[in-house]
Each structure stands twice: as structure tokens, then as C-alpha cells.
Amino acid sequence: MNKPTIIGIAGGTGSGKTSVTRKIIASLEEHDITLIEQDYYYKDQSHKTMEERLKTNYDHPFAFDNDLLIEHVKSLINRESVEIPTYDYVNHTRSDKTIKIEPKNVIIIEGIFALENEQLRDLMDVKIYVDTDSDIRILRRLSRDIKERGRSMDSVINQYLTVVRPMHLQFIEPTKRFSDIIIPEGGENIVAIDIITTKIRSLIKKL
Ligand code: ADP
Ligand code: C5P
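Not measured: the values here are computed from a predicted model.

Colleague: Please set out the site of ligand 2 residue by residue, giving values where relevant.
Modeller: Neighbouring residues of ligand 2: 17 residues in total, closest T13, D59, H92, R141 and R144. D39 places a side-chain nitrogen or oxygen 3.2 Å from an oxygen atom of ligand 2. Within the side chain of R144, one N or O atom sits 2.8 Å away from an oxygen atom of ligand 2. Spatially, ligand 2 is embedded in the largest pocket. At the level of secondary structure, the elements contributing two or more residues to the shell around ligand 2 comprise α5 (134–148) and α6 (153–172).

In C-alpha cells form, the structure reads like this:
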């Protein structure tokens, strides 16, 4: 069997990666797609105290277990199912639960560092960077982290200024150069979503 089509979707926090991913999956409703969120591969911190977990830099490439992610992507390429970890943003560690993921013809890998690792990039057929201004991104993140990730306004602002912003400039923004296509503003960019899904359809046809 041929290699599945692998799509990488990167971009800063709050740029709209998740929204773009959902739109792509919805537009390709006739196809089964495997979604891997890179956040699931944050390193397990169950052996650490909460105080130690709060000090972790979650915006550094070292925070991720990329070896496991790459191993799982390679298994999916070989048409083997994998048990992927899940992540708990409130407790800052891996959840007990794993999810069984079946191999499909299209695999989407979405996350802030989706384009950072060369080995992972080399497995991808289409590399996307979602590019949204930082003022919009912090406003979206503030609202989302308070509503969905159990954070206070002060903690989000403090984390953004001390860690998220400097790490974005140092490690995430530079990965834009590895992308094939840059989507400004994320999920509302209908033309970009259309171009990408047309390309994915043509790649699936060749399988
Ligand atoms: P990311 O995955 O890059 O962190 P998300 O897609 O999760 O970004 O978006 C972050 C937050 O911003 C979410 O709460 C989402 O609903 C909201 N959001 C995303 N895109 C838009 C948009 N175009 N307009 C308004 N809100 C948006
Ligand atoms: O969904 P999004 O791309 O925003 O997720 C990545 C962000 O999640 C990172 O910027 C990181 O700061 C944040 N994060 C966090 N706490 C964790 C794990 C990740 O705030 N425990």
C-alpha cells in the first residue's frame, strides 16, 4: 500500500491551527482522516509536584516527546494502529487515558512545533503555517485558557509575557520558513482552506 498523505499544521498559540484543522477535516468529509494533536505528546510529568509542573517551559521543543510522536507517525505510515497519549492542561501532565488511532489515508499533525523537528518534517507531504498577529493570538488565548484550560487572567498574562512570547519569537516563528503555504488569520480564510483541500484531494487520488 502507498504512503498516506501527511499534513503538518503549525503556528503560534491562538493562531487558529485547531480551527483550520477542523475546517480541512470538514471539507474532506468524504475521506477518513487521522488527527494527531502534538500537544498530546507533551512529556509525562506525573512524577513531578504541581509546583514543579507550573515552572515547566511548555513552549520549548524539549517539552515534547517527539521520539514517541515520530514512532507513532511511522507506525501509521506502515498502516499499524497506535495507542496515543492524551493530555490534561489543568494538571499539566499526561492523562491515564490513551486513544486508539487507526491508520487512514490522510494524517494531520497539528501543533505549535509541528514544523520544528526535521525528522517529522521529512515525513510530511504538505506543510502549513497559520500566521496570525500576536495581539489577536493573545486575546484568543486569554479567553480560551480561562474558559477551557482552568487558568486565571493573571496567570495567562504572566505566562505569555515571560515564556510564550519569547519562545514564539525564538522557536516557533522561524519554522514558517519550512512551510509550503502560509495561511493568514486561520480558519476564516476560506480561499486558503479551499486551495489546501484541493491539493490534499489530488494527493489522495494518487494513492
Ligand atoms: P490554536 O489551535 O492555534 O491555538 P484555535 O483554533 O484553538 O488556535 O483558536 C484559539 C481560540 O480562538 C479558540 O477559542 C477559537 O474558537 C478562537 N478562534 C479561532 N479562530 C478564530 C477566528 N477566526 N475568529 C474568532 N475566534 C477564533
Ligand atoms: O493550543 P495551543 O497551540 O495554544 O497549545 C500550545 C500552548 O499550550 C503553548 O503555548 C503552551 O504555553 C500551552 N500549555 C500550557 N500548559 C500546559 C501545556 C501547554 O499553558 N500544561
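Colleague: Please give an account of the UniProt feature "domain: Phosphoribulokinase/uridine kinase" (unreviewed entry) in the protein that cites residues and values.
Modeller: Within this numbering scheme, the UniProt entry marks residues 6–191 as carrying the feature "domain: Phosphoribulokinase/uridine kinase" (unreviewed entry). Segment residues 6–191 splits into 38% helix and 23% strand. End C-alpha atoms: 21 Å apart.

Colleague: Provide a residue-level description of the site of ligand 1, including the pertinent values.
Modeller: Near ligand 1 you find G12, T13, G14, S15, G16, K17, T18, S19, E110, R140, R144 and E188, and these make up its full shell. A distance of 3.2 Å separates an oxygen atom of ligand 1 from a polar atom in the backbone of S15. Taking R144, its side chain carries an N or O atom lying 3.0 Å from an oxygen atom of ligand 1. Summarising the interface, the protein chains cover 68% of the accessible area of ligand 1, which totals 550 Å² for the free molecule. Given that more than half its atoms are within 2 Å of the pocket grid, ligand 1 belongs to the largest pocket. For the shell around ligand 1, the secondary-structure elements that each account for two or more residues are α1 (17–27) and α5. Take the shell around ligand 1: its biggest share by element is three residues, from α1. When its residues are assigned to classes, the shell around ligand 1 shows no nonpolar, seven polar and five charged.

Colleague: An account of the packing of aromatic side chains is needed here, citing residue identities and associated values.
Modeller: With the rule as written, the count across this model stands at five aromatic pairs. The interplanar angle of 25 degrees and the centroid separation of 4.2 Å between the aromatic rings of Y42 and F64 together place this pair among those described as stacked. With a gap of 22 residues between them, Y42 in the loop between β2 (33–37) and α2 (50–55) and F64 in the loop between α2 and α3 (66–77) connect regions that are remote in the sequence. Taking relative accessible area as the criterion, Y42 reaches 7% and is therefore assigned buried.

Colleague: Give me the lowdown on the layout of surface pockets, citing residues and values where you can.
Modeller: In this model, the largest pocket occupies a volume close to 790 Å³. For the largest pocket, the lining is made up of 32 residues, of which T18, D39, Y89, R144 and R149 are closest to its centre. For the lining of the largest pocket, the elements supplying multiple residues, two or more each, are α1 and α5. In terms of residue count, the dominant contributor to the lining of the largest pocket is α5 (five residues). Considering only residue class, the lining of the largest pocket consists of six nonpolar, 11 polar and 15 charged. As a volume, the second largest pocket reaches approximately 250 Å³. What lines the second largest pocket is a set of 13 residues, among which L54, T56, R151, S155 and Q159 lie closest to the centre. It is α6 that provides the largest number of residues to the lining of the second largest pocket, a total of six residues.

Cut-offs applied
- Sequence order as written defines residue numbering, which begins from 1 separately in each chain.
- By the order in which they are written, chains take letters starting at A while ligands take numbers starting at 1.
- Local features in a predicted model are, by the rule used here, given only for residues with pLDDT of at least 70; side-chain atom pairs are given and counted only at 80 or more, and totals for whole chains, interfaces and linings are based on all residues.
- Working from all heavy atoms in the structure, the side-chain values ignore hydrogens and water.
- If a single non-hydrogen atom of a residue is within 4 Å of a molecule or strand, that residue counts as near it.
- Counted as a polar contact is a pair of N or O atoms within 3.5 Å, where, for protein atoms, one must be capable of donating a hydrogen and the other of accepting one, and residues adjacent in sequence contribute only when both atoms are in side chains.
- Lining residues are defined by having an atom within 4 Å of a point belonging to a cavity or pocket. Those points lie on a 1 Å grid over the protein atoms alone, cavities being sets where a 1.4 Å probe fits but cannot get out and pockets being open sets with protein on both sides within 12 Å along at least five of seven lines.
- Just a note on the criterion: a molecule sits in a pocket or cavity if more than half of its atoms are within 2 Å of the grid points.
- Secondary structure is summarised from DSSP: a helix means a run of H or I of at least four residues, a strand means a run of E of at least two, and numbering begins at the N terminus for each.
- UniProt positions are given in the numbering used here, feature names are shortened, and annotations may be inferred rather than shown by experiment.
- Only the protein chains shown count as cover for residues, and all accessible areas are computed by the Shrake-Rupley method using a 1.4 Å probe.
- Under the scheme applied here, ten amino acids are nonpolar (Ala, Val, Leu, Ile, Met, Phe, Trp, Tyr, Cys and Pro), four are charged (Asp, Glu, Lys and Arg), and all others, including Gly, are polar.
- The pairing test for Phe, Tyr and Trp rings, Trp by its six-membered ring, is centres within 6.5 Å, and the orientation test on the planes gives stacked under 30 degrees, edge-to-face over 60, and tilted for anything in between.
- Buried, partly exposed and exposed residues are distinguished by accessible area as a fraction of the type maximum, computed with a 1.4 Å probe on protein chains only: under 20%, between the cut-offs, and over 50%, respectively.
- Grid points are joined across faces, edges and corners, and a volume is the space filled by probe spheres set on the points.

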